[in-house]
Amino acid sequence: MAPTSPRLPAPPKDTPTFSPEKTSVVYVLGGPGAGKGTQCANLVRDYGFNHLSAGDLLRAEQDREGSEFGQMIKDYIKDGKIVPMEVTVQLLENAIQDINGGEGRFLIDGFPRKMDQALKFDESVCPSKFTLFFDCPEDVMTERLINRGKTSGRADDNEESIRKRFKTFVETSMPVVEHFEKQGKVVKVMATKSPDEVYEEVKKAMGQRGFQMKQ
Ligand code: UDP
Ligand code: MG
């Protein structure tokens, strides 16, 4: 019998798809209802960021005809759990690629929410510049979410799902914030005040990290 060559493990991907010189990625984290989406809209307007919400991309994939992941995503979201990272990372990578071939500034809103995603994205898609973290107590977030639930049509803006999302946030997502904090890569903003007041803090944070407003 002819000798067979040993099967090598698939070569690890040692360079990320997008170079951090051309692609600026800022992660935006905070509990559900902390105001990530609202503040991201301000940053898009004033700083020329592109906004990618992991939750929005997952909901779009869930509704896409022929998606093999539709039902799985639906179940995870309703339960406030984190969808397996392969799906979310790939959706984000595709979305970045689709905007100007990935060149420019990107806010990745609501991601990474679990350590495996954080490591995978930084390593294989693009290393992040820093994380903008919105700090907000649960009672304030609950009130905002219940209000939003009246019009959002989201399957997870109800009391039971909200409770589950908080649990996932504390147990699974906060370790990601702590991980980046140890690397000095987190800017924390208190998110209890009005959107305009919070945005003043956000602008200071951006300035500290070398991001200037567009002219
Ligand atoms: N989600 C996920 N992985 C992610 C981001 C979101 O699985 O990386 C799921 C998760 O079930 C989460 C839901 O999508 O509870 C809604 O996320 P979204 O960011 O829209 O909620 P927000 O935090 O903005 O209220
Ligand atoms: Mg959101």
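In the block above lies the structure referred to throughout.
Report follows, based on the coordinates. (Residues numbered from 1 in each chain as written. Chains lettered and ligands numbered in written order. Predicted model: local features only at pLDDT ≥ 70, side-chain atom pairs only at ≥ 80, totals over all residues. Heavy atoms only, no water.)

### Thoughts on the packing of helix α5 (residues 115-124) against helix α7 (residues 159-182)
Next, step 1: α7 packs onto α5 with a crossing angle of 45° between their chain directions and a minimal axis gap of 8 Å. One way to sum up the angle between α5 and α7 is to call them oblique. Counted together, Met115, Ala118, Leu119 and Asp122 of α5 and Pro175, Val176, His179 and Phe180 of α7 form the full contact between these two elements.
Next, step 2: In terms of residue class, the contact of α5 with α7 is built from six nonpolar, one polar and one charged. (Axes fitted to C-alpha atoms, helices over the stretch in contact; angles between N-to-C directions. Helix = DSSP H or I, 4+ residues; strand = E, 2+ residues; numbered from the N terminus. Parallel < 35°, antiparallel > 145°, perpendicular 65-115°, else oblique. Contact = heavy atoms within 4.5 Å. Nonpolar A, V, L, I, M, F, W, Y, C, P; charged D, E, K, R; others polar.)

### Remarks on the packing of aromatic side chains
Next, step 1: Going through the model one piece at a time under the given rule, you end up with six aromatic pairs.
Next, step 2: Centre to centre, the rings of Tyr27 and Phe111 are 6.2 Å apart; their planes meet at 65°, and the pair counts as edge-to-face. Placement of the pair is Tyr27 in strand β1 (residues 23-30) and Phe111 in the loop between β3 (104-109) and α5, with a sequence separation of 84 residues.
Next, step 3: Taking relative accessible area as the criterion, Tyr27 reaches 0% and is therefore assigned buried. (Phe/Tyr/Trp six-rings, centres within 6.5 Å; stacked < 30°, edge-to-face > 60°. Buried < 20%, exposed > 50% of the residue type's maximum accessible area, 1.4 Å probe, protein only.)

### Structural notes on helix α4 (residues 85-98)
Next, step 1: Counted at 1.5 Å a residue, the expected span for α4 with its 14 residues is 20 Å, and the 20 Å between its end C-alpha atoms agrees.
Next, step 2: What α4 keeps buried is the set Met85, Val87, Thr88, Val89, Leu91, Leu92, Glu93, Ala95 and Ile96.
Next, step 3: Asn100, located one to two residues past α4, shows a positive phi value of around 55°. (Expected span 1.5 Å × (residues − 1).)

### Structural notes on the side chain of Ser128
Next, step 1: Tracing the sequence through the fold places Ser128 in the loop between α5 and β4 (130-135).
Next, step 2: Overall, the relative accessible area of 6% leaves Ser128 in the buried class.

### What about the pairing of β3?
Next, step 1: With six bridges connecting them, β1 and β3 associate as parallel partners. Residue pairing in the sheet places Val25 in a bridge with Phe106 of β3. (Pairing = 2+ DSSP bridges.)

### Overview of α5
Three- or four-residue spacings in an α-helix give side chains the same orientation, since the helix completes a turn every 3.6 residues.
Next, step 1: For α5, the full list of buried residues reads Gln117, Ala118, Phe121, Asp122 and Ser124.
Next, step 2: Close packing links the buried residues of α5 with β1, α4, β3 and α7.

### Considering unusual backbone geometry
Next, step 1: In this model, Phe111 is joined to Pro112 through a cis peptide bond whose omega is -5°.
Next, step 2: Topologically, Pro112 is positioned in the loop between β3 and α5.
Next, step 3: With phi around 55°, Asn100 is a residue other than glycine that occupies positive phi space.
Next, step 4: Mapped onto the elements, Asn100 comes out in the loop between α4 and β3.
Next, step 5: Of the residues examined, Asn100 reaches a relative accessible area of 59% and is grouped as exposed.

### Considerations on the sheet that holds β3
Next, step 1: Here five strands make up an open sheet; going across it, the order is β2-β3-β1-β4-β5 and the pairing parallel. Among the strands making up the open sheet, the edge pair consists of β2 (49-53) and β5 (186-190). Sheet twist, expressed as the average angle between the axes of neighbouring strands with direction ignored, equals 25°.
Next, step 2: Its contacts with the sheet place helix α8 (residues 195-208) against β2, β4 and β5, and it is angled at close to 165° to β5.

### What to know about the pairing of β4
Next, step 1: Of all the six residues making up β4, five are buried; the element is thus mostly covered by neighbouring parts of the structure.
Next, step 2: Here four bridges tie β1 to β4, and the two strands are oriented parallel to one another. Within β4, the position partnered with Tyr27 by the bridge is Thr131.
Next, step 3: Here five bridges tie β4 to β5, and the two strands are oriented parallel to one another. Bridge pairing in β5 places Phe134 opposite Val189.

Don't take any of this as a statement about function, it's just geometry.
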